[in-house]
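Inside the fold
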Amino acid sequence: MNNKIIIINGPNLNLLGEREQSQYGSTTFDELKQNCISKSKELGLDVEFSQSNIEGEIVNLIQESIKKFDGIIINAAAFTHTSIAIRDALSVFKKPIIELHISNIYKREEFRHKSLISDIVTGGIFGLGSDGYILAIISMQKLLKNENQ
Ligand code: DQA
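Sequence order as written defines the numbering, with residues in each chain counted from 1. Local features in a predicted model are, by the rule used here, given only for residues with pLDDT of at least 70; side-chain atom pairs are given and counted only at 80 or more, and totals for whole chains, interfaces and linings are based on all residues. With hydrogens and water set aside, each side-chain value is computed from the structure's full complement of heavy atoms.

**Some details on the overall build of the chain**
- For helices the rule is a DSSP run of H or I covering at least 4 residues; for strands it is a run of E covering at least 2, with both sets numbered from the N terminus onward. In terms of helices and strands, the chain carries five helices and five strands.
- In the chain, the succession of α and β elements from N to C terminus is β-α-α-β-α-β-α-β-β-α.
- Throughout, radius of gyration means the C-alpha value; the globule benchmark is 2.2 Å times the number of residues raised to the power 0.38. Over its C-alpha atoms the chain spans a radius of gyration of 14 Å, differing by no more than 12% from the 15 Å that the globule rule assigns to 149 residues.
- C-alpha atoms of the chain, sized along the principal axes, occupy 40 × 30 × 25 Å.

Right under this line is the structure:
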């Protein structure tokens, strides 16, 4: 059964609820984690929720995901705009990948308009706040269900 997913969060997302609430809302990282776990359970998905401030650790997580997980939801945060290493690791993952951003990166500074991963992922969600995580989980469940058929 294809039901194992990982949600990977990049740098500073551990500070959700404290940092730039006008961009990222008031939901804390722990609340977000709990919301993601309960939605995943409801939809029959087995979820791992992770966060790292370190680029190489995220690359390692993606590499390990090739054997362990059926889908990746990733908010690479600032690394979205800079990391060829994360892009290259994601390129090796041949199963569904959803790119996620809490804020609308296209409404913000120009340096955030470029994502180095958008053209290699299955699809993306941005600008819908932390609800985007719940929407991504719903979409991932559908993608995996179709792969099971
Ligand atoms: C972000 C957008 C990025 O530009 C930023 O560096 C983040 C969070 C988002 O979720 O809106 O840290 O990925």
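**Regarding the site of the ligand**
- Consider each residue's heavy atoms; a residue with any of them within 4 Å of a molecule or strand counts as near. Around the ligand sit Arg19, Tyr24, Asn75, Ala77, Ala78, His81, His101, Ile102, Ser103, Ile105, Arg108 and Arg112, and those are all the residues in its vicinity.
- Under this definition, polar contacts are N or O atom pairs within 3.5 Å; protein pairs additionally need one hydrogen-donor-capable and one acceptor-capable atom, and for neighbouring residues in sequence, both atoms have to be side-chain atoms. With respect to the ligand, the side chain of Arg19 contributes an N or O atom lying 3.3 Å from an oxygen atom.
- In the environment of the ligand, an oxygen atom lies 3.2 Å from a nitrogen or oxygen atom belonging to the backbone of Ala78.
- Taken by itself the ligand offers 330 Å² of open surface, and the protein chains cover 99% of this.
- Tallied by class, the residues present in the shell around the ligand amount to five nonpolar, four polar and three charged. The method behind every accessible area is Shrake-Rupley, applied with a 1.4 Å probe, and residues are considered shielded solely by the protein chains displayed. Under the scheme applied here, ten amino acids are nonpolar (Ala, Val, Leu, Ile, Met, Phe, Trp, Tyr, Cys and Pro), four are charged (Asp, Glu, Lys and Arg), and all others, including Gly, are polar.

**Observations concerning the pairing of strand S3 (residues 71-75)**
- Relative accessibility decides the category of a residue: with a 1.4 Å probe and only protein chains considered, values under 20% of the type maximum give buried, values over 50% give exposed, and everything between is partly exposed. The element S3 is extensively covered by neighbouring structure, given that five of its five residues are classed as buried.
- Taking every second residue as pointing to the same face, both faces of S3 are buried, with Gly71, Ile73 and Asn75 on one and Ile72 and Ile74 on the other.
- Pairing analysis gives three bridges linking S3 to strand S4 (residues 97-101), with the strands arranged parallel. Residue pairing across strands places Ile72 opposite Ile97, the latter belonging to S4. A pair of strands is treated as paired once DSSP finds two or more bridges between them.

**Here we look at the pattern of salt bridges**
- Counted as salt bridges are all cases of a side-chain nitrogen of Lys or Arg within 4 Å of a carboxyl oxygen of Asp or Glu. Applying the stated rule across the entire model yields seven salt bridges.
- One salt bridge connects Asp46 with Lys4, and the closest N-O pair in it is separated by 3.8 Å. Here Lys4 lies in strand S1 (residues 4-9) and Asp46 lies in strand S2 (residues 46-51), a separation of 42 residues in the sequence.
- On the basis of relative accessibility, which here comes to 40%, the residue Asp46 falls in the partly exposed class.
- Where Arg108 meets Glu20, a salt bridge forms, and the shortest distance between an N and an O atom there is 3.9 Å. Placement of Arg108 in the loop between S4 and strand S5 (123-126) and of Glu20 in the loop between S1 and helix H1 (21-24) is noted, with a sequence separation of 88 residues between them.
- A relative accessible area of 40% places Glu20 in the partly exposed class.
- Among the charged side chains, a network of salt bridges with common partners joins Arg19, Glu20, Arg108, Glu109 and Arg112.

**Remarks on the environment of Glu147**
- Residue position: Glu147 is located in helix H5 (residues 131-148).
- The contact definition used throughout considers only heavy atoms, calling two residues in contact when any of these lie within 4.5 Å. Contacts of Glu147, omitting those with residues within four sequence positions, involve Asn2 and Pro96.

**Regarding the nonpolar core**
- Grouped together as the largest cluster of nonpolar side chains are 22 residues, with contacts concentrated most on Ile5, Ile7, Leu16, Cys36, Phe49, Ile73 and Tyr133.
- Looking at this core, the elements with two or more residues in it are S1, helix H2 (29-42), S2, S4 and H5.
- Among the elements that make up this core, the one with the highest residue count is H5 (five residues).
- Residue contacts for Ile7: discarding those within four places in its chain leaves Cys36, Val47, Glu48, Phe49, Ser50, Ile73, Tyr133 and Ile137.
- Throughout, nonpolar core names a set of buried Ala, Val, Leu, Ile, Met, Phe, Trp, Tyr and Cys residues whose side chains join them through atoms within 4.5 Å. Grouped together as the second largest cluster of nonpolar side chains are 18 residues, Val59, Ile62, Ile72 and Ile86 included.

By themselves these figures say nothing about function.
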